[in-house]
Amino acid sequence: MPRLEPGNPAPSWTLTDHRGKQVSLSDYAGRHLIMFFYPAAMTPGCTTEACDFRDSVEALQAAGYEVVGISPDSPEKLARFAAQESLPYPLLSDPDKQVLQGYGAYGEKSSYGRTVVGVIRSTIVVDPRGAITLARYNVKATGHVAMLRRLLAV
């Protein structure tokens with residue numbers, strides 16, 4: 001899967017969120033958007049990352065950034081995850097992995113010394129015009145949001 005780079009146009013998408021609502025990239029036109037792609041709700045690493053975004057979302061929003069999380073989980077599982085962890089941003093369901101693939105966040109990766117196919121923990125930042133400004137792949141769950149905040153000067 002090709003990876004996106006700064007300056008690339010963000011591929012459009014429409015996905016169902018954890019409330020059952022259809023959400024599209026175009027809903028964020030004119031705003032900065034942080035999309036974080038994660039393998040599975042309610043797993044230790046994904047919970048750490050999602051809660052780090054939760055704990056930083058007010059500062060990110062104050063700096064003009066919206067946040068969404070995207071995984072292949074069902075909207076029902078995402079609703080349980082959002083409620084359990086008090087996540088204040090949309091969690092989007094991509095069960096067929098088309099958006100994950102389009103953003104380079106699904107494919108071969110190394111897991112415990114083996115090559116497997118799955119979700120590549122990634123974060124993409126899109127500017128108000130719909131262009132990629134930051135693309136990070138194979139990020140660590142712990143400390144990733146702090147690194148992102150440094151990169152964005154938030």
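Structure: see above.
Bear in mind that the values here come from a model prediction, so they are computed numbers and not experimental data.

Draft legend 1. Molecular detail of unusual backbone geometry. Positive phi, close to 70°, is recorded for Met 42, a residue that is not glycine. Looking at the secondary structure, you find Met 42 in the loop between strand S3 (32-37) and helix H1 (44-62). For Met 42, a relative accessible area of 30% gives the class partly exposed. At Ala 153, a position not held by glycine, the phi torsion is positive, near 55°. On the secondary structure map, Ala 153 appears in the segment after helix H4 (144-152).

Draft legend 2. Representation of the sheet that holds strand S4 (residues 65-71) in the model. The 7 strands are arranged S2-S1-S5-S4-S3-S8-S9 in an open sheet whose pairing can be described as mixed. Each edge of the open sheet carries a strand with a single partner, namely strand S2 (22-24) and strand S9 (132-137). Neighbour to neighbour, the strand axes of the sheet diverge by 30° on average, direction disregarded. Across 5 bridges, the pairing between strand S8 (residues 122-126) and S9 is antiparallel. From the neighbouring strand, Ile 124 faces S9, where its bridge partner is Ala 135. Relative to the sheet, H1 contacts S3, S4 and S8, its axis offset from that of S4 by approximately 160°. Here helix H2 (residues 75-85) sits on the sheet in contact with strand S1 (14-17), S4 and strand S5 (91-93), set at roughly 165° to S5.

Draft legend 3. Quick look at H2. All buried positions along H2 are accounted for by Pro 75, Leu 78, Phe 81, Ala 82 and Glu 85. Buried positions in H2, seen along its axis, are confined to an arc of 115° and lie on one side of it. Residues Glu 76, Ala 83 and Gln 84 are exposed on H2 and point more than 90 degrees away from its buried face. Close packing links the buried residues of H2 with S1, H1, S4 and S5. Of the residues one or two after H2, Ser 86 is the one with positive phi, at around 55°.

Draft legend 4. Molecular detail of H4. Buried within H4 are the following residues: His 144, Val 145, Leu 148 and Leu 152. Buried residues along H4 cover an arc of 95° about the axis, so they all sit on one side. Where H4 is buried, its residues touch S3, H1, S4, S8 and S9. Note on H4: the residue one or two positions beyond its end, Ala 153, has a positive phi of about 55°.

Draft legend 5. Focus on the side chain of Ser 24. Within the element layout of this structure, Ser 24 appears in strand S2. Of the polar contacts made by the side chain of Ser 24, one reaches the side chain of Thr 14; its length is 2.6 Å. The residues touching Ser 24, leaving out its near neighbours within four places in the chain, are Trp 13 and Thr 14.

Draft legend 6. Summary view of the pairing of S3. Across the 6 residues of S3, 5 count as buried, placing the element largely inside the fold. Bridge analysis of S3 against S4 gives 6 bridges, and the strand direction is parallel. Bridging across to S4, Leu 33 finds its partner in Glu 66. For S3 and S8, the ladder comprises 5 bridges, and the chain directions are antiparallel.

Cut-offs used in this document
Residues numbered from 1 in each chain as written. Predicted model: local features only at pLDDT ≥ 70, side-chain atom pairs only at ≥ 80, totals over all residues. Heavy atoms only, no water. Helix = DSSP H or I, 4+ residues; strand = E, 2+ residues; numbered from the N terminus. Buried < 20%, exposed > 50% of the residue type's maximum accessible area, 1.4 Å probe, protein only. Pairing = 2+ DSSP bridges. Axes fitted to C-alpha atoms, helices over the stretch in contact; angles between N-to-C directions. Contact = heavy atoms within 4.5 Å. Arc of directions from axis to C-beta. Polar contact = N/O pair within 3.5 Å; in protein donor to acceptor, adjacent residues only side chain to side chain.

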